[in-house]
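Residues per chain, in single letters:
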Amino acid sequence: MGNKQSSSSSSSTTNKKWDGNAMSQNDFMERDTVLVLNNDDIVIGSESKKASHVFSTDQSRGVLHRAFSVCLFDSSTGEMLLQKRASTKITFPNVWTNTCCSHPLHGMEVNEVDGPEDVKDGSVKGVKAAAVRKLEHELGIPVGELPIENFKFLTRLHYWAADTVTHGEKSPWGEHEIDYVLFITVPSKDSITLKPHPDEVDDVCWVTQSKLLEMFADDDLLFSPWFRLIANRWMIGGGENGKGGWWDDLDRTMNTDDFCDYENIHRFDPPTEHLGGGGDAGPWLDTKEAPSSNGTVEDTVGDASKKQGAYGKIKTHKESKLSQLMHIDEVCSAISLLYINPLKSNLESDNIKKSFDTDDLAFCDDILCKVSRSFAAVIRQLPSELLVDVLIFYLVLRALDTIEDDMTFFASNDEKVKVLLAFHKTALVDPEWKMMGCGEGDERRLLEEFPKCHSVFAALREDSRRVISDITLRMATGMAEFVGKDLGQGTVDVQQYNRYCHFVAGLVGEGLSRLFSASGLEKPALATELYLSDQMGLFLQKTNIIRDYLEDYVDGRAFWPQTVWKKYSASGDLGYFANPATVEHKTAALNCIDELVTDALELVPDCLSYLSKLRCAEVFRFCAIPQVMAIATLDKCYHNKDVFSGVVKIRKGMSCALINGTTDINGVHSIFHRFASSILRQAELSRKKGFEDPSYERTVKACTTILELTETEAKRSGSSVV
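A.B. asks: Sorry, what's going on with the overall build of the protein chain here?
C.D. replies: When its secondary structure is counted, the protein chain shows 28 helices and twelve strands. Expressed as a percentage of its 722 residues, the buried residues of the protein chain come to 58%. Taking contacts inside the protein chain between residues at least 6 apart in sequence as the whole, the part at least 24 apart equals 75%.

Below you can see the structure in the form of structure tokens.
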């Protein structure tokens, strides 16, 4: 039930006051938290400045992170301000470089984290805010003298370089960055204040192009490898594609987008003197193994170009085929489900064929399989008098979710909100309504061919149409409420977390209950079980949110409540948990996920209560299958560090066994008993090993409650499902 939605921006303010004058170079290395990236410039976590710049056998090129390079010009003379990095700097000391180069950080008082949509429109306010902060710190330029709106973002370069010139061929330090190039001009050098910080800058000078070329030719002067790349590639001379260098025509550079490239990431290996380092790193970005402008070297899951959000950019943790085959009972279950007792499809029944346009219904069935293959099978097994109603209900909400989820299609949030709030009056009323170009892959196709869905919707019973329209409006209203919220760092608190889950999943539960009752397959009273249906939806949605931590964080729209995760994040940033390295780091991450899993487990009694009220076998199975998948997923996520480096999934054979076990309430109770027992055992074992979990007592209580509710049926069946 439900789908997670995107926020309108990439991260949130965590009110961390940064004071460069109160820290030493070692403090910066230990306490600054840089933005860890994948090769597509997607933020996937955080790391200390020190750890990210270490070149070793374990990480031969350090950890890829985000950076910026500012070039400041005097527009009256065309001169550029250079700085010479202080001799006390740990990395690349004593080198001349561009005006200012540093890193945006996690958890700043003014948000410094940009998402893909910020890059696409060239705004990158996070990077620019970081530039203003560091220009003041390094060069003493007051914030007000360089307004953030005056910075021009031009392009990105991905480079790496070992600091072998300073520290020798086995240097333990280096840079590995995706660097955002920013230009800014001032009317005159006399219009800004320069008070270089002695721990950051040894010298400054204003240079013309010819003077800079003379300095480049002087073997006694050292230059940063990244500035040489930027200057020689783009700033001076012919530039790319014969357009001229950026420095050749500052007015054109600053006032047009002729030189802006926000789509590509330009990749460079360092000059030979910066190869090597502690990990003996050799050429990479200039080889066939290099990532492309829009791809990564690492294996990806699925086709990211055809899915919205971060799908495909995060690895999936799966057991090997051999490991899966070792579970003989699950193999037998898979064979049974696929070939002996498969879920029967009722889509070909005579009354369905007579009631709906054959071609339009075929499209709806086909697109359902494309956007949710797993959900399609449980919908098809519903009785014919209910099947199409639920199928269309799902597709309508999926179309609505696709509109909300597209972060680049709409010119503004206000425009998106208007479309969302009008959806029930446009898409569900106008038989010709469709939306072109919104979403990606099959979701886009759903919107572009929506008249076929409307044709089937219009042929439904009036009471079903009324339910679908009502839930669509209420869900759209909830989505509109969250469109303007910054969810880059999750929901504010558990109350907002629950409210979000209500809108995207609880309302689905209510709508389904009303459709079940309207069909006559369930008692009319089921439509009034609003609390239980809401709790059942929350259980499913929270499970998805827990499992998809990293995927959601990378996509810039996370949902873990801040009042929970901030208790465990040392950096005050949600990305702190991604790929935890130290014992303290891992402990904090596991404490956090254990509390969230426990919060979800506390919903189980209401879920079981709802299931006990169902009398139609197919409706029961339709509801029970997602529920047992959820409890199995929570068992997989509990105390599992893999959640923080990818997406964990249960075995396919186990999924088949679970489906086979949902024929009645007894089987469902047995499944819940088995997994509650498993989570309880994990909690107790961790406790015995000395792991201090603040949620331990709460976890034990939640599991014990489930065990007591399901004890009778578990004993009867022997809990042999898994």
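A.B. asks: Please explain the pattern of salt bridges as it appears in this structure.
C.D. replies: Pairing is possible between side chains that carry opposite charge, provided their charged atoms lie close to one another. Summed over the entire model, instances satisfying the criterion amount to 34 salt bridges. A salt bridge links lysine 452 to glutamate 449; the shortest N-O distance between them is 2.7 Å. Glutamate 449 sits in the partly exposed class, given a relative accessible area of 25%. Within the structure, one salt-bridge network assembled from shared partners comprises Lys542, Lys567, Glu595, Asp599, Glu602 and Arg698.

A.B. asks: Can you walk me through the confidence of the model for the protein chain in this structure?
C.D. replies: Low-pLDDT stretches of the model should not have their predicted coordinates read in fine detail. Per-chain confidence: the protein chain averages 87 in pLDDT, with 87% of residues scoring 70 or above. The low-confidence segment residues 5-15, where pLDDT is below 50, has 60 contacts with residues more than four positions distant or belonging to other chains. Predicted confidence for residues 293-313 stays below pLDDT 50, and this span has 50 contacts to residues more than four positions away or in other chains.

A.B. asks: Would you take a moment to explain the packing of aromatic side chains for this structure?
C.D. replies: Ring pairs (aromatic) are described by centroid distance and by the angle formed between their planes. One pass over the full model with this rule turns up 30 aromatic pairs. An angle of 5 degrees between the planes, with centres 4.8 Å apart, marks the rings of phenylalanine 153 and tyrosine 262 as stacked. Here the residue phenylalanine 153 occupies a position in strand β7 (residues 152-162), and tyrosine 262 occupies one in the loop between α8 (250-255) and β10 (265-268), the gap between them amounting to 109 residues. The burial state of phenylalanine 153 is the same as that of tyrosine 262; both residues are buried. Their ring planes at 15 degrees and their centres at 4.4 Å tell us that tyrosine 500 and phenylalanine 559 sit as a pair that is stacked. Taken together, the residues span a long stretch of sequence, with tyrosine 500 in helix α19 (residues 494-518) and phenylalanine 559 in the loop between α21 (549-554) and α22 (562-565) at a distance of 59 residues. For the residue pair tyrosine 500 and phenylalanine 559, the accessibility class agrees, reading buried in each case. The lysine or arginine in question, lysine 485, covers the ring of phenylalanine 482, its NZ or CZ lying 5.8 Å from the ring centre.

A.B. asks: Could you clarify how one ought to interpret the side chain of histidine 266 in this entry?
C.D. replies: Mapped onto the secondary structure, histidine 266 falls in strand β10. A residue is classified by how much of its surface remains accessible, and histidine 266, at 13% relative accessible area, is buried. One polar contact links histidine 266 to aspartate 261, side chain to side chain, over a distance of 3.0 Å.

A.B. asks: Would you take a moment to explain the pairing of strand β1 (residues 33-37) for this structure?
C.D. replies: Both faces of the sheet carry side chains from a regular strand, because those side chains alternate between them. Among the five residues that make up β1, five are buried, leaving the element largely enclosed by the rest of the structure. When β1 meets strand β2 (residues 43-48), the two strands line up antiparallel, connected through five bridges. Considered in β2, the bridge of leucine 37 is made with valine 43. The turn linking β1 back onto β2 is made up of five residues, and aspartate 41 within it adopts a positive phi angle of 65 degrees.

A.B. asks: What is the right way to read the side chain of glutamine 496 from this model?
C.D. replies: One can find glutamine 496 in helix α19. On the accessibility criterion, glutamine 496 (15% relative accessible area) is buried. Those residues in contact with glutamine 496 that lie beyond four places of it in its chain are Phe482, Lys485, Leu487 and Thr491.

A.B. asks: Which parts of the structure should I look at to understand helix α17 (residues 450-458)?
C.D. replies: Three- or four-residue spacings in an α-helix give side chains the same orientation, since the helix completes a turn every 3.6 residues. Restricting attention to buried positions, one finds in α17 the residues Phe450, Cys453, His454, Val456 and Phe457. One side of α17 holds all its buried residues, which, seen down the axis, span an arc of 165 degrees. Of the surrounding secondary structure, the elements contacted by the buried residues of α17 are α12 (358-371), α14 (384-405), α15 (413-426), α16 (441-448) and α18 (462-483).

A.B. asks: Which parts of the structure should I look at to understand unusual backbone geometry?
C.D. replies: Trans peptide bonds make up the majority, and among non-glycine residues the majority have a negative phi. Even without a glycine there, the phi angle at aspartate 41 is positive, about 65 degrees. Within the fold, aspartate 41 resides in the loop between β1 and β2. Even without glycine at this site, valine 124 takes up a positive phi of about 30 degrees. Turning to its location among the elements, valine 124 is positioned in the loop between α3 (116-120) and α4 (125-139). The exposure class of valine 124 is buried, given its relative accessible area of 0%.

A.B. asks: I keep staring at the pairing of strand β3 (residues 65-74) and nothing clicks. Help me out?
C.D. replies: Within β3, ten of the ten residues are buried, which leaves it mostly tucked inside the rest of the structure. Along β3, one buried face is formed by His65, Ala67, Ser69, Cys71 and Phe73 and the opposite face, lined by Arg66, Phe68, Val70, Leu72 and Asp74, is buried too. The pairing of β3 with strand β8 (residues 174-186) spans ten bridges and is parallel. Bridging from a neighbouring strand, valine 70 pairs with leucine 182 of β8. Summarising the sheet, β3 and strand β6 (residues 100-102) pair through three bridges and their orientation is antiparallel. Pairing of serine 69 across the sheet is with cysteine 101, part of β6.

A.B. asks: Could you clarify how one ought to interpret α4 in this entry?
C.D. replies: With 15 residues, α4 extends 21 Å between its outermost C-alpha atoms, agreeing within 8% with the 21 Å of an ideal straight helix rising 1.5 Å per residue. Extensive coverage of α4 is indicated by the burial of 13 of its 15 residues. Looking one or two places after α4, you find glycine 140, whose phi comes out positive at around 75 degrees.

A.B. asks: Where do I start with the packing of helix α6 (residues 209-217) against helix α7 (residues 225-235) in this structure?
C.D. replies: If you want to describe how two helices pack, look at the angle between their axes and the distance between the axes. As a packed pair, α6 and α7 sit with axes 13 Å apart at the nearest point and diverge in direction by 135 degrees. One finds that α6 runs oblique with respect to α7. The element α6 and its partner α7 pack so that their crossing is left-handed. Contact with α6, carried on its side by Gln209, Leu212 and Phe216, involves Phe227, Arg228, Ala231, Asn232 and Met235 of α7 and no other residues of that element.

A.B. asks: So what exactly am I meant to see when it comes to the packing of α14 against α18 here?
C.D. replies: Where α14 contacts α18, the two axes come as close as 10 Å, and the packing angle between them is 20 degrees. Taken together, the axes of α14 and α18 are roughly parallel relative to one another. Pair α14 / α18 crosses with right-handed handedness. For the pair formed by α14 and α18, the contact residues are Asp389, Ile392, Phe393, Val396, Leu397, Leu400, Asp401 and Glu404 on the first element and Ser464, Ile468, Ile471, Thr472, Met475, Ala476, Met479 and Val483 on the second.

What counts as what
- Residues numbered from 1 in each chain as written.
- Predicted model: local features only at pLDDT ≥ 70, side-chain atom pairs only at ≥ 80, totals over all residues.
- Heavy atoms only, no water.
- Helix = DSSP H or I, 4+ residues; strand = E, 2+ residues; numbered from the N terminus.
- Buried < 20%, exposed > 50% of the residue type's maximum accessible area, 1.4 Å probe, protein only.
- Contact = heavy atoms within 4.5 Å.
- Salt bridge = Lys/Arg side-chain N within 4 Å of Asp/Glu carboxyl O.
- pLDDT = per-residue confidence, 0-100.
- Phe/Tyr/Trp six-rings, centres within 6.5 Å; stacked < 30°, edge-to-face > 60°.
- Lys NZ or Arg CZ within 6 Å of the ring centre and 35° of its normal.
- Polar contact = N/O pair within 3.5 Å; in protein donor to acceptor, adjacent residues only side chain to side chain.
- Pairing = 2+ DSSP bridges.
- Arc of directions from axis to C-beta.
- Expected span 1.5 Å × (residues − 1).
- Axes fitted to C-alpha atoms, helices over the stretch in contact; angles between N-to-C directions.
- Parallel < 35°, antiparallel > 145°, perpendicular 65-115°, else oblique.
- Left-handed = near helix turned anticlockwise from the far one by under 90°.

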